Amino acid sequence: MTAPAADAVTAIEEGLAALGTRYRDAFAGAADEQALRDAQAAVLGKKKGELTRVMALMRDVPKEARPEVGAKVNTFKQGVQEAFQSRLQEMAREARNADLNASPFDLSLPGRLELGRGHLHPVHQTRDDLLTIFRDLGFEVVAGPEVETEANNFTKLAFPPDHPATDMQDTFWVDVLESGDDPRSVRDGKVLLRTHTSNTQIRVMSQRTPPMAVVSAGAVYRRDDDLTHSPMFHQIEGFLVDENVSLAHLKGVLTSFAEALYGPGTPVRLRPSYFPFVEPGAEVDIGCVFCSESDGSRSSCKVCKTTGWVEVLGCGMIHPEVLTHCGIDSEKYTGYAFGFGVERIAMLRYGIPSIKLLFENDPRFIEQF
Ligand code: PHE
């Protein structure tokens, strides 16, 4: 009678051992959560589970051996549950790691930001509009360099030696290295960042023979920094050389310019002033377009400071000495020149209170133009 009982116990023990190897392999090999749950059901499932089949042998186990065998079965069940839970957790960890290591961007999604179309900076818009005015008046547009020799920027323009404009306070001097120079022994090459566009006058007049009518626009540099001055700003220079050119021609061109900019009938006045490279020299005021005496608002106009006039440029008849420096016969030819700041015109045009706004490049400002 003990033989079948002993057999049953052995059979259960062997069954559990075989089942143990199988479920461990099945759990480890489960590719996803569903496969894992299926494998667990194959072992512990109430109806079809393999453990149920092993448990069927319990009938043949003698009563006194049952608690011990039952305890073994429970331990086995617990082992299966623990292995199931830990593999489940492992799978969740793997999924999370895969998620974390995956590329954070889905490059196939359409962008959320609409890319706006850019446009020219207000200073460049103004520059182009001004150049168009002079082109229409018959001037040719020529470019000049921003890094210039002292001769082209000052000396040939008849700036006296030690003129305050050449002072360290005003001019950015450039150290010039020649190839092979020891950087520690920088030579004073008398090269600078041009302080005005008048260098273009010198360059063009030295290369051409009259007649010529030229405008040039570009960046200029000065050691200046306040509400209306920036260390870098833009100028436009214009000049004309021919026989019998007079101040009347200059005023005529400037009047056409003012009218093209601010409309027909815009008043223009020349005030005597000094620039070393012109004689006579003048500053040009344009009637303030922001106020008028008729509506009585002039008394509060901030732009013209209630004078009714806004200073916009410097001009004059090219000094004979400057013509001579450029190889032009000053007995035969005369010429006029004028120069002005593009930012100043842009500020007047759009009512911009500070030059800084033009260079901060805050899109909220730039987008308004
Ligand atoms: N170059 C002068 C300046 O920067 C302006 C100017 C140009 C004056 C031409 C007279 C003639 O202030």
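Here we summarise the structure given alongside this text.

What counts, and where the lines are drawn
- Residues numbered from 1 in each chain as written.
- Predicted model: local features only at pLDDT ≥ 70, side-chain atom pairs only at ≥ 80, totals over all residues.
- Heavy atoms only, no water.
- Core = buried A, V, L, I, M, F, W, Y, C linked by side-chain atoms within 4.5 Å.
- Buried < 20%, exposed > 50% of the residue type's maximum accessible area, 1.4 Å probe, protein only.
- Helix = DSSP H or I, 4+ residues; strand = E, 2+ residues; numbered from the N terminus.
- Contact = heavy atoms within 4.5 Å.
- Pairing = 2+ DSSP bridges.
- Salt bridge = Lys/Arg side-chain N within 4 Å of Asp/Glu carboxyl O.
- Axes fitted to C-alpha atoms, helices over the stretch in contact; angles between N-to-C directions.
- Phe/Tyr/Trp six-rings, centres within 6.5 Å; stacked < 30°, edge-to-face > 60°.
- Lys NZ or Arg CZ within 6 Å of the ring centre and 35° of its normal.
- Near = heavy atom within 4 Å.
- Polar contact = N/O pair within 3.5 Å; in protein donor to acceptor, adjacent residues only side chain to side chain.
- Areas by Shrake-Rupley, 256 points an atom, 1.4 Å probe, with all protein chains shown as cover.
- Nonpolar A, V, L, I, M, F, W, Y, C, P; charged D, E, K, R; others polar.
- Parallel < 35°, antiparallel > 145°, perpendicular 65-115°, else oblique.
- Left-handed = near helix turned anticlockwise from the far one by under 90°.
- Patch = residues over 30% accessible without salt bridge, like charges linked within 9 Å, V, L, I, M, F, W, Y side chains within 5 Å.

### Some thoughts on the nonpolar core
In a soluble, globular protein the nonpolar side chains are often hidden away together inside. Judged by nonpolar contacts, the single largest core of 40 residues is most densely connected at Leu313, Phe338 and Phe340. Elements represented by at least two residues in this core include exactly helix H5 (122-136), strand S5 (212-221), helix H8 (247-262), strand S8 (278-287), strand S9 (309-318), strand S10 (334-341), helix H10 (342-350) and helix H12 (363-366). Dropping the residues within four chain positions of it, Leu313 is found in contact with Leu254, Phe257, Ala282, Glu283, Val284, Phe338, Gly339 and Phe340.

### Let's talk about the pairing of S10
Within S10, 7 of the 8 residues are buried, leaving the element largely enclosed by the surrounding structure. One ladder, built from 8 bridges, connects strand S6 (residues 232-242) with S10; its direction is antiparallel. Bridged to Gln235 within S10 is Gly341. Where S9 and S10 come together, 4 bridges link them in antiparallel fashion. Looking at S10, one finds that Met317 is bridged to Tyr336.

### Notes on the pattern of salt bridges
Counted according to the given criterion, the structure contains 15 salt bridges. The residue Arg127 makes a salt bridge to Asp128 at a minimum N-O spacing of 2.9 Å. Of the residues examined, Asp128 reaches a relative accessible area of 26% and is grouped as partly exposed. Close ionic contact of Arg203 with Glu148 constitutes a salt bridge, the shortest N to O distance being 2.6 Å. A residue pair is termed long-range when its members are at least 10 positions apart, and Arg203 in helix H7 (residues 199-207) and Glu148 in strand S2 (residues 147-149) qualify at 55 residues. The exposure class of Glu148 is buried, given its relative accessible area of 1%. Residues joined by salt bridges that share partners form a network here, namely Arg269, Arg271, Asp285 and Glu311.

### So, the sheet that holds S5
Strand order in the open sheet formed by 7 strands is S1-S5-S6-S10-S9-S8-S7, and the pairing between neighbours is mixed. With partners counted over all chains shown, the strands left at the sheet margins are strand S1 (140-141) and strand S7 (268-273), one partner each. Examined bridge by bridge, S8 and S9 share 8 bridges and lie antiparallel to one another. What sits directly across from Gly281, in S9, is Gly316. Across the sheet, H7 is in contact with S5, S6, S9 and S10; its angle to S6 comes to roughly 35 degrees.

### Observations concerning the packing of aromatic side chains
Under the defined criterion, the tally for this structure stands at 15 aromatic pairs. Centre to centre, the rings of Phe275 and Phe277 are 6.0 Å apart; their planes meet at 40 degrees, and the pair counts as tilted. Site record: aromatic cluster; members linked through ring pairs are Phe134, Phe139, Phe257, Tyr336, Phe338 and Phe340. In this arrangement the basic side chain of Lys190 is found over the ring face of Trp173, its NZ or CZ atom lying 5.0 Å from the centre.

### Some thoughts on the site of the ligand
Taken together, His196, Ser198, Arg222, Gln235, Glu237, Phe275, Phe277, Gly314, Cys315, Ala337, Phe338 and Gly339 make up all the residues around the ligand. Within the side chain of Gln235, an N or O atom sits 2.9 Å from an oxygen atom of the ligand. Protein coverage of the free-state accessible area of the ligand, which is 320 Å², stands at 90%. Those elements giving two or more residues to the shell around the ligand turn out to be S6, S9 and S10. With 3 residues, the top contributor of residues to the shell around the ligand is S10. Here the residues of the shell around the ligand sort into 5 nonpolar, 5 polar and 2 charged.

### What about the packing of H5 against H8?
Each pair of packed helices can be described by the angle between their axes along with the distance between the axes. Two elements in contact, H5 and H8, have axes separated by 10 Å at closest approach and are oriented at 135 degrees. By the angle class used here, H5 and H8 are oblique. As H5 runs across H8, the sense of the crossing is right-handed. The segment H5 lies against H8, with Leu130, Ile133 and Phe134 engaging Val253, Phe257, Ala260 and Leu261. In terms of residue class, the contact of H5 with H8 is made up of 7 nonpolar, no polar and no charged.

### Some thoughts on a nonpolar patch on the surface
A surface patch of nonpolar side chains, about 220 Å² in accessible area, is lined by Val289, Phe290 and Val303. Mapped onto the elements, Val303 comes out in the loop between S8 and S9.

### Looking at the environment of Gly263
By secondary structure assignment, the location of Gly263 is in the loop between H8 and S7. Looking at Gly263, the relative accessible area reads 17%, which means it is buried. For the pair Gly263 and Ile12, spaced 251 residues apart in the sequence, the C-alpha separation amounts to 109 Å.

### Thoughts on the pairing of S8
In terms of residue burial, S8 counts as a mostly covered element, since 8 of its 10 residues are buried. Direction of pairing for S7 relative to S8: antiparallel, over a ladder of 6 bridges. Opposite Val268, over in S8, you have Ile286 as the bridge partner.

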